Amino acid sequence: MAAPRIARVFGAINLGSFRISALIAGISETGEMIVLGSSHRASQGIRRGYVTDMAAATYAVRDAVERAEKMANTSVSSVWIGCSGAGLASQVAQVEVDIGGRRIEQDDIDHLLLAGREGIRPYGRMVLHAQPAHYTLDGANGVGDPKGLHAERLGVDIHVMLADGAPVRNLTEAVQNAHLEVEGIIGSPVATGHACLGPEEKDLGVALVEMGGEVTNVSVYAGGMLVGLVSIPMGSADITDAIASAFGIRRFQAERLKCVNGSAIASPADHREMIPVNGPGEESSGAVARHADDKNRIPRAELVSVITSQLGRQMEEVAKALRALGFTGQRGQQVVLTGGGAELVGLADYAQAALGKPVRIAAVPRLTGLAEAHAKPGFATLAGLVLYAAADP
């Protein structure tokens, strides 16, 4: 069977502190989203969501995009950028206009949205995007499209994503220096929510916790829109650093131990299991790890202890952020974990006990052609970016 013809092509880059990932996708003539190519590589020049080395960041962006282009057998000239740092914040702007009981026309909606956008107060920050979340008719919520309906008063809630101007300009410049145009910069909570949360979940109320390498974003959805966001300058890289410090080993060794042998849940057998610090084919010469035996193996119980100790500090910050966002009581029930840090074994059970709420790990949308290596929580933002671009809200 012939391959479907692609009508539109989208490029996306997620600029993380741990990895930089790129994805090229197309919309077929039948409206299906098809992934043409995807790639990732170690991040360079970015710390906690901020560009710290322009040349290094630009090189990493260009390299990630070229790998995706090679796989897709096509090139892109413009991309959508995912932003997880840069002082992200959100607000909701509300505005109402008189209709006088008549039928609502498109001009009324345009006038309302214009009034709403004029009422946004960024207080010196940059507006990444401002979108109508839902409309109200005479105070009644949950109206998707008010056109053709009658009302005395028409209102709208506009969700606004804000960021610090200078860090966003640095991210934009890093991509532009790689000879790519920037279609738009999307806050990662918006892109990830687009990919991982259903309309009903957003309406009932859900917290999305993105556990990145060096930043954890806690966002709350209610009434169908994102209503609050808190950024925590901690991530899965802090767990890696804690392991490296505790055992006196290199970061790459600590990362491997965390990913391959790590867990958020202790097991009775952990005390009997010894884990080699050196990987297959790695030189066994050099200093022996702290608490290791003569074969440079450490007890799995001690590894899990270090992980859960650091994880406990991060969950305390997440719980504090949820309380600050008012995610408590009947409204604060479901928590969804995503990001590379969410791939840690046993994390959902640990987080459920720590937060006292039902927790699930986000499922990445099943996009046709998406590589299995990228169908993981760590790439949810990347998938969300192309879905957001295709929806073009």
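**Student:** Help me out: how do you make sense of the sheet that holds strand E7 (residues 89–98) in this one?
**Tutor:** Note on sheets: strands pair through backbone hydrogen bonds, and any given pair is parallel or antiparallel. The four strands lie next to each other as E7-E10-E8-E9, forming an open sheet whose pairing is antiparallel. At either margin of the open sheet sits one strand with a lone partner, and together these are E7 and strand E9 (140–143). Adjacent strand axes in the sheet meet at a mean angle of 35° when their direction is disregarded. Pairing analysis gives 10 bridges linking strand E8 (residues 126–137) to strand E10 (residues 153–163), with the strands arranged antiparallel. Opposite Leu137, over in E10, you have Leu154 as the bridge partner.

**Student:** Hey, could you run me through the side chain of Ser21 in this one?
**Tutor:** Residue placement: Ser21 occurs in strand E2 (residues 19–28). Given the relative accessible area of 2%, Ser21 is considered buried. With residues near it in sequence (within four places) discarded, Ser21 still touches Ala12, Ile13, Asn14, Ser39, His40, Phe379 and Leu382.

**Student:** Would you take a moment to explain the packing of helix H6 (residues 236–247) against helix H8 (residues 300–324) for this structure?
**Tutor:** What describes two packed helices is the angle between their axes and the distance between those same axes. Running from N to C, H6 and H8 cross one another at 135°; their axes reach a closest spacing of 9 Å. By the angle between their directions, the pair H6 and H8 is classed as oblique. For the pair H6 and H8, the sense of crossing is right-handed. On H8, the residues touching Asp238, Ile239, Ala242, Ile243, Ala246 and Phe247 of H6 are Glu302, Leu303, Val306, Ile307, Gln310, Leu311 and Gln314.

**Student:** Even after reading the chapter, I still don't get the packing of aromatic side chains, so can you show me in this structure?
**Tutor:** Here the distance between the centres and the angle between the planes together describe a pair of aromatic rings. Per the stated rule, a full pass over the model turns up one aromatic pair. Between Trp80 and Tyr388 the ring centres are 6.0 Å apart and the planes differ by 65°, which places this aromatic pair in the edge-to-face class. Of the two residues, Trp80 is situated in strand E6 (residues 78–83) and Tyr388 in helix H10 (residues 380–391); the sequence distance between them amounts to 308 residues. Each member of the pair, Trp80 as well as Tyr388, is classed as buried.

**Student:** Which parts of the structure should I look at to understand the environment of Asp53?
**Tutor:** Note on placement: Asp53 falls in the loop between strand E5 (50–51) and helix H1 (54–72). Taking the C-alpha atoms as reference, Asp53 lies 9.7 Å from Asn170; in sequence the two are 117 residues apart. In terms of polar contacts, Asp53 uses its side chain to reach the backbone amide nitrogen of Ala55, at 3.2 Å.

**Student:** Honestly, the nonpolar core in this entry has me stumped. Any pointers?
**Tutor:** The nonpolar side chains of a soluble globular protein tend to be buried with one another. Core analysis: the largest hydrophobic core is formed by 62 residues, its most contacted members being Ile13, Leu15, Ile20, Val61, Val175, Leu180 and Val386. Ranked by size, the runner-up nonpolar core spans 41 residues in total, among them Ala264, Phe327, Leu337 and Leu355.

Calculation criteria
- Residues numbered from 1 in each chain as written.
- Predicted model: local features only at pLDDT ≥ 70, side-chain atom pairs only at ≥ 80, totals over all residues.
- Heavy atoms only, no water.
- Pairing = 2+ DSSP bridges.
- Helix = DSSP H or I, 4+ residues; strand = E, 2+ residues; numbered from the N terminus.
- Axes fitted to C-alpha atoms, helices over the stretch in contact; angles between N-to-C directions.
- Buried < 20%, exposed > 50% of the residue type's maximum accessible area, 1.4 Å probe, protein only.
- Contact = heavy atoms within 4.5 Å.
- Parallel < 35°, antiparallel > 145°, perpendicular 65-115°, else oblique.
- Left-handed = near helix turned anticlockwise from the far one by under 90°.
- Phe/Tyr/Trp six-rings, centres within 6.5 Å; stacked < 30°, edge-to-face > 60°.
- Polar contact = N/O pair within 3.5 Å; in protein donor to acceptor, adjacent residues only side chain to side chain.
- Core = buried A, V, L, I, M, F, W, Y, C linked by side-chain atoms within 4.5 Å.

These figures capture arrangement, not role.
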